[in-house]
Amino acid sequence: MPALQAASPQLAVDYVATASPASLLQDNVLAVLGFGNDAPKLDDPRYLRVPLQPHGDACFEVWRSNAPVSHGRDGEIAWATDGQLMFGVIEVDEGADGADHASGIRDAAEHAYARLTRFVHDSSTPHLLRIWNYLDAITQGDGDAERYRQFCLGRARGLGNLDASMLPAATAIGRCDDARVLQIYWLAARTPGTPVENPRQISAYRYPRAYGPQPPSFARAMLPPTQHDMPLLLSGTASVVGHASQHADALMAQLDETFANFDSLIAAARQRQPALPPAFGPGTRLKVYVRDRDDLPLVAESLRQRFGGRVPYLLVHAAICRRELCVEIDGVHGVA
């Protein structure tokens, strides 16, 4: 993989409405994400079709760098890099025949994470900043056989002996298309970021045994290497205080609790980076995952009332990793 070199890493994330992703794939673009069944197909390693159905007008998520981007494929992995940042993708078919979905997702996660960890480690951008994980039927199964718990086991095995205090920010969300394919994409950097934890929440990697044999392996957020040129990377955040879900199945109360968590998380990040805006605004981009399809317009109206037009967001139908949770939100937050 060529080691292109930019002066310092920069990343801008935008949501762009256009008919085709081809026009967006300019020389300085690391990634373009299209969402849902109607997203066009395009053979470019920087383009990814995400299997989550959008609500409202479809748009593309675009990651722009400040330098020319090289891209290619290495076996199962598609990659793009400017020498300072890397976008990567791996998709693994669980190979399940319906008999043992738990072992299928566990083995797929272990394989994917072992492969991506080796690839990132051997690259010029060896530090994982942010990972997204999309898997089908995320809450299927009871007790430790639940697919999300088995995914967490496989992820941890694939990551190996990674220091928990340096875990990347992450999201794990359920796709709703019955496709037993684990899709993972990530952002890595030449220089490590700084993980941020939320004072209102127990670190996910310290969750008690009640949540499964392996706690989730992620940080609540990641301050990037160049904090003035890249946004704060926000992990998937929901209505969880301490380690416990709040307001079971109460959509609007969960939304309020989720934004209270973001307020706390941003305040914690601003202790290290005071230039971050104290509240969501024009420099924020949010991806909002909603469990029940009928709730999508309700969430859209709630976001309109909360933000007006100040905060661009993408609203998608997706399953959340706890059955009682109605909504989860991730994104980026920085100076406009």
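What follows deals with the sheet that holds strand β13 (residues 221-223). Read across the open sheet, the seven strands follow the order β4-β18-β17-β19-β14-β13-β12; overall the sheet is mixed. Every interior strand has two partners, whereas the edge strands, β4 (53-54) and β12 (194-196), have only one. Two elements, β12 and β13, share three bridges in a ladder whose sense is antiparallel. Paired with Val-196 across the bridge in β13 is Ala-221. Here helix α3 (residues 251-270) sits on the sheet and contacts β12, β13, β14 (232-237), β17 (284-290) and β19 (327-333); the angle it forms with β19, its principal contact strand, is near 30 degrees.

A few words now on the side chain of Thr-226. Along the chain, Thr-226 turns up in the loop between β13 and β14. Accessibility expressed as a relative area gives 17% for Thr-226, which makes it buried. Residue contacts for Thr-226: discarding those within four places in its chain leaves Ser-8 and Pro-9.

The pairing of strands in a sheet happens through backbone hydrogen bonds and is either parallel or antiparallel. One open sheet holds the six strands; their spatial order is β6-β7-β8-β11-β9-β10, and the pairing between them is mixed. Strands with a single pairing partner mark the edges of an open sheet, and in this sheet they are β6 (70-74) and β10 (169-175). Between one strand axis and the next, the sheet turns by 15 degrees as a mean value, whatever way the strands run. Pairing analysis gives five bridges linking strand β7 (residues 77-81) to strand β8 (residues 85-93), with the strands arranged antiparallel. The residue bridging Thr-81 from the neighbouring strand is Met-86, located in β8.

Time to look at the state of the cysteines. For the structure shown, the criterion picks out zero disulfides. Cysteine Cys-152 remains unbridged, with the sulfur of Cys-321 as its closest cysteine sulfur at 7.6 Å. We classify Cys-152 as buried; its relative accessible area is 2%. Among the cysteines around Cys-326, which has no disulfide bond, Cys-321 carries the closest sulfur, lying 13 Å off.

Before going further, it helps to examine the side chain of Arg-285. Tracing the backbone shows Arg-285 in strand β17. In terms of polar contacts, Arg-285 uses its side chain to reach the backbone carbonyl oxygen of Val-13, at 3.1 Å. A distance of 2.9 Å separates the side chain of Arg-285 from the side chain of Asp-14, its partner in a polar contact. Excluding residues that lie within four positions of it along the chain, Arg-285 makes contacts with Val-13, Asp-14, Tyr-15, Pro-312, Asp-330, Gly-331 and Val-332.

Mapped onto the elements of the fold, Gly-309 is located in the loop between α4 (296-307) and β18 (313-317). Residue Gly-309 is classed as exposed on the basis of its relative accessible area, which comes to 78%. In the structure, Gly-309 is positioned 27 residues away from Pro-282 in sequence and 8.8 Å away in space, judged by C-alpha atoms.

Reading the values: the criteria
- Residues numbered from 1 in each chain as written.
- Predicted model: local features only at pLDDT ≥ 70, side-chain atom pairs only at ≥ 80, totals over all residues.
- Heavy atoms only, no water.
- Pairing = 2+ DSSP bridges.
- Helix = DSSP H or I, 4+ residues; strand = E, 2+ residues; numbered from the N terminus.
- Contact = heavy atoms within 4.5 Å.
- Axes fitted to C-alpha atoms, helices over the stretch in contact; angles between N-to-C directions.
- Buried < 20%, exposed > 50% of the residue type's maximum accessible area, 1.4 Å probe, protein only.
- Disulfide = S-S within 2.5 Å.
- Polar contact = N/O pair within 3.5 Å; in protein donor to acceptor, adjacent residues only side chain to side chain.

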